[in-house]
Amino acid sequence: MVFFALLVVCLAGLQLLCKTETEGTLHRREYFYVGERYTTLRSSNIASGQIYVEHLTPPKVTRPLPLLFIHGNGMTGTNFLNTPDRRPGWADYFLSKGYEVYLVDQPSRGRSPWQKDIDGAQSTFDVLTIESRFTATQLHNLWPQASLHTQWPGNGSVGDPVFDGFFASMTPSLSNATEAAMKMKAAGSALLDRIGPVILLTHSQSGQLGWILGDARPSKVRAIVALEPLGPPFTNAVFPPFSPARKYGVTDISIEYFPPASSPEEITKVAVTSSPSFRCFQQTSPPRKLVNLAYIPVLVVTSESGYHSIYDDCTVQYLEQAGVPVNHIRLEDVGIRGNGHMMFMEKNSLQIAEEVIQSWLSKKIVS
């Protein structure tokens with residue numbers, strides 16, 4: 001009876017926040033696949049490259065653009081449905097604000113099938129990596145800010161039910177970053193052609209996918225929210241070995257610069273700062289511009305204690321130098337303390353959604 005009454009109220013449009021603690025936000029759910037390509041295999045054909053897409057619609061859509069969430073490495077679109085300790089997630093929050101929401105599983109991962117005769121090798125995160133980098137960084141102290149981590153629900157280690165549930169959600173991912181980027185560019189572009197324009201929200205490994213999809217479909221991406229995006233430019237950092245990476249600056253695959261760069265070697269770089277944990281590279285002057293991203297507003301969000309707190313400034317500087325309009329918010333600078341890399345799952349996740357993400361979107365996205 002309580003649920004029926006809630007349903008009536010929501011459908012009548014009398015209440016935007018149609019949610020209860022256990023039920024979340026009332027919505028309609030559908031799913032589809034997009035981006036499949038047929039390949040001849042033995043005597044017939046199989047499909048590969050497709051992505052699973054989950055579409056959530058509130059009773060009353062009041063926002064002009066939907067939100068498209070792309071998860072990070074080793075994870076799936078379930079990241080945003082609810083938190084590991086079963087609180088409403090960011091999907092619920094933004095549905096309650098009147099947004100349509102799209103969640104995807106990246107190619108060859110989760111509900112997007114991996115085809116062993118077509119797709120490349122996969123890798124999986126182990127327990128130590130997740131504990132030391134994401135959930136219990138304060139116990140491992142692999143970088144100076146790690147000790148500030150206080151917002152993960154539970155102790156972040158094996159045996160804690162919240163950690164165990166989160167770790168059980170880890171999935172194998174394509175090992176080759178270039179392959180992963182190429183496949184998501186193809187499937188993501190097909191998705192944007194179907195549902196766009198959108199607001200794109202990325203996290204970590206999918207950070208470069210925001211730049212790639214914004215470049216591939218600039219008219220379909222109206223804003224990018226990048227939670228601790230993959231970086232820094234040109235090199236890996238914090239966790240040795242500090243090997244070369246992202247040969248196009250902030251991406252592993254080509255995006256459009258002006259003047260054009262016919263090869264990554266033409267994007268010349270110079271180290272502007274150096275520390276034991278990373279070197280910050282920028283373009284030499286005059287810098288080439290990322291012309292297709294020049295009119296897409298970008299928000300980069302960095303936690304107080306995550307390892308990105310070391311180098312997100314460098315990534316932002318690179319984007320700004322290339323002509324991308326970027327706002328960078330460090331959570332501690334707006335009074336939000338103790339978060340790590342998985343901020344959207346942590347105890348104060350809805351505060352971040354409300355005071356940082358939605359606040360920025362309300363200023364940038366006008367009906």
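Every value quoted in this text rests on a predicted model; they were computed, and no experiment measured them.

Description of the overall build of the protein
Assigned secondary structure in the protein consists of nine helices and 16 strands. Against the globule reference of 21 Å for 367 residues, the protein gives a C-alpha radius of gyration of 20 Å, in line with a compact fold. Across its three principal axes, the protein shows a C-alpha extent of roughly 65 × 55 × 45 Å. Burial analysis of the protein (367 residues in total) assigns 54% to the buried set. Here the contacts in the protein between residues at least 6 apart in sequence split such that 72% fall between residues at least 24 apart. Carbon together with sulfur atoms contributes 54% to the accessible area of the protein, which is approximately 15,400 Å² in total. Separation between the mean location of the 31 positive side-chain charges and that of the 32 negative ones in the protein comes to 5 Å.

Examining the layout of surface pockets
The calculated volume of the largest pocket comes to roughly 780 Å³. If you list the elements that add at least two residues to the lining of the largest pocket, you get α3 (127-135), β10 (173-174) and α6 (177-195). In terms of residue class, the lining of the largest pocket is made up of 14 nonpolar, 15 polar and four charged.

Re the sheet that holds strand β11 (residues 198-203)
Taking strand neighbours across the sheet as the criterion, the eight strands line up as β3-β6-β8-β7-β11-β12-β15-β16 in an open arrangement whose pairing is mixed. The open sheet has two edge strands, β3 (28-34) and β16 (326-330), and neither has a second partner. Averaged over all adjacent pairs, the angle separating strand axes in this sheet is 20°, with direction ignored. Those strands touched by α6 are β3, β6 (51-57), β7 (67-70), β8 (101-105), β11 and β12 (221-227), and its axis lies near 130° from that of β3. This element, helix α8 (residues 312-321), spans β15 (298-302) and β16 of the sheet and lies at about 170° to β16.

Side note on helix α9 (residues 349-364)
End to end, α9 covers 21 Å across 16 residues, agreeing with the expected 22 Å (1.5 Å per residue, within 8%). At Gln358, α9 is deflected by roughly 35°, the largest bend along its length. Ser349, Ile352, Ala353, Val356, Ile357, Gln358, Trp360 and Leu361 are the residues of α9 that are buried. Where the residues of α9 are buried, they touch β7, α2 (90-96), β11, β12, β15 and β16.

A short note on the pattern of salt bridges
One pass over the full model with this rule turns up 14 salt bridges. With a shortest N-O distance of 3.7 Å, Arg42 and Asp117 are connected by a salt bridge. In this pair, Arg42 is assigned in the loop between β4 (37-41) and β5 (44-48) and Asp117 in the loop between β8 and β9 (122-123), connecting sequence segments 75 residues apart. By relative accessible area, which is 41% here, Asp117 ends up partly exposed.

Overview of the packing of aromatic side chains
Tallying each qualifying case throughout the model produces 19 aromatic pairs. Judged by centre distance (5.0 Å) and plane angle (70°), the rings of Phe239 and Tyr307 are edge-to-face. Highlighted residues: Phe239 in the loop between β12 and β13 (269-274) and Tyr307 in the loop between β15 and α8, separated in sequence by 68 residues. With relative accessibility at 14%, the residue Phe239 sits in the buried group. Taking the relative accessible area as the measure of exposure, Tyr307 reaches 9% and is therefore buried. Put simply, the rings of Phe69, Phe80, Trp90, Tyr93, Phe94, Tyr99 and Phe344 pair up and form one aromatic cluster. Above the ring of Phe239, the side-chain terminus of Arg133 is found at 3.8 Å from the ring centroid.

Conventions and cut-offs
- Residues numbered from 1 in each chain as written.
- Predicted model: local features only at pLDDT ≥ 70, side-chain atom pairs only at ≥ 80, totals over all residues.
- Heavy atoms only, no water.
- Helix = DSSP H or I, 4+ residues; strand = E, 2+ residues; numbered from the N terminus.
- Rg over C-alpha atoms; globule rule 2.2 N^0.38 Å.
- Buried < 20%, exposed > 50% of the residue type's maximum accessible area, 1.4 Å probe, protein only.
- Contact = heavy atoms within 4.5 Å.
- Areas by Shrake-Rupley, 256 points an atom, 1.4 Å probe, with all protein chains shown as cover.
- Lys, Arg positive; Asp, Glu negative; His and termini not counted.
- Charge placed at Lys NZ, Arg CZ, Asp CG, Glu CD.
- 1 Å grid on protein atoms, 1.4 Å probe; cavity = no way out; pocket = protein on both sides within 12 Å on 5 of 7 lines; lining within 4 Å.
- Points joined across faces, edges and corners; volume = space filled by probe spheres on them.
- Nonpolar A, V, L, I, M, F, W, Y, C, P; charged D, E, K, R; others polar.
- Pairing = 2+ DSSP bridges.
- Axes fitted to C-alpha atoms, helices over the stretch in contact; angles between N-to-C directions.
- Expected span 1.5 Å × (residues − 1).
- Bend = angle between axes of the 7 residues up to and from the residue.
- Salt bridge = Lys/Arg side-chain N within 4 Å of Asp/Glu carboxyl O.
- Phe/Tyr/Trp six-rings, centres within 6.5 Å; stacked < 30°, edge-to-face > 60°.
- Lys NZ or Arg CZ within 6 Å of the ring centre and 35° of its normal.

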